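Topology and contacts: notes
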Amino acid sequence: DQAINQKLSRGPISREENIIYVIERLETEVNNGGYYQLFTNPSVEVVPFVVEALNEIGCPITAGITKRAIAALGINGPLVSEEVTRVAEGRRGQIIHELEGCGDEYFDGEEPIADRLFDWIKRNRDKIKIGGS
C-alpha cells in the first residue's frame, strides 16, 4: 500500500497497481467508518472503480454489497467524486441506515478480501512495479 501510494505521487500507475490502490482505500475507509466514510473522505476518488476492482480480485459478494451501498446514493449518471460526497452528505439522514446495513454485511462477509487480493497480486506480479521501479 505504501509503495503504491509513493509511486502514485510520482505519476501514473498501471491498471494492476490501481486495483491494489482501490481495494486498499476501500478496506481502510469501510473498516474505519463504513461506507459513509468512504463516500465523504478523499478516498471517494476510488468509488467509480471499486466494484470492478472487487470483481477482478474474485470478491463478487463484496462487490454486490458495495454496489448496493453506491446505489443507495441514488446518483443518476457517472460517479464523480465531488458528486458522491455532496449527495452522501446531503442525504445522510435518508441513507445512513442502508449504508450501515451494507457495512454490517461487509464486516460479516464470507470473502477474505485481503487473501484474495494477495493471491491476485501473486498472479499479476509481472505487471506490478514498485520500489525502485
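Parameters and conventions
- Residues numbered from 1 in each chain as written.
- Predicted model: local features only at pLDDT ≥ 70, side-chain atom pairs only at ≥ 80, totals over all residues.
- Heavy atoms only, no water.
- Helix = DSSP H or I, 4+ residues; strand = E, 2+ residues; numbered from the N terminus.
- Rg over C-alpha atoms; globule rule 2.2 N^0.38 Å.
- Buried < 20%, exposed > 50% of the residue type's maximum accessible area, 1.4 Å probe, protein only.
- Contact = heavy atoms within 4.5 Å.
- Areas by Shrake-Rupley, 256 points an atom, 1.4 Å probe, with all protein chains shown as cover.
- Disulfide = S-S within 2.5 Å.

1. Considerations on the overall build of the chain
Of regular secondary structure, the chain possesses seven helices and zero strands. Secondary structure elements of the chain, listed N to C terminal, follow the sequence α-α-α-α-α-α-α. The C-alpha radius of gyration of the chain comes to 15 Å, within 12% of the 14 Å expected for a compact globule of 133 residues. With the C-alpha coordinates of the chain rotated into their principal frame, the extents come out at 45 × 30 × 25 Å. Counting across all 133 residues of the chain, residues that qualify as buried make up 44%. Taking all contacts inside the chain whose residues are at least 6 apart in sequence as the whole, residues at least 24 apart take part in 66%. Approximately 7300 Å² of the chain is accessible, and the part contributed by carbon and sulfur atoms is 49%.

2. Thoughts on the state of the cysteines
As enumerated under the stated definition, the model contains zero disulfides in all. Of all cysteine sulfurs, the one in Cys102 lies closest to Cys59, which takes part in no disulfide; the gap is 16 Å. Taking the relative accessible area as the measure of exposure, Cys59 reaches 0% and is therefore buried. Residue Cys102 is classed as buried on the basis of its relative accessible area of 4%.

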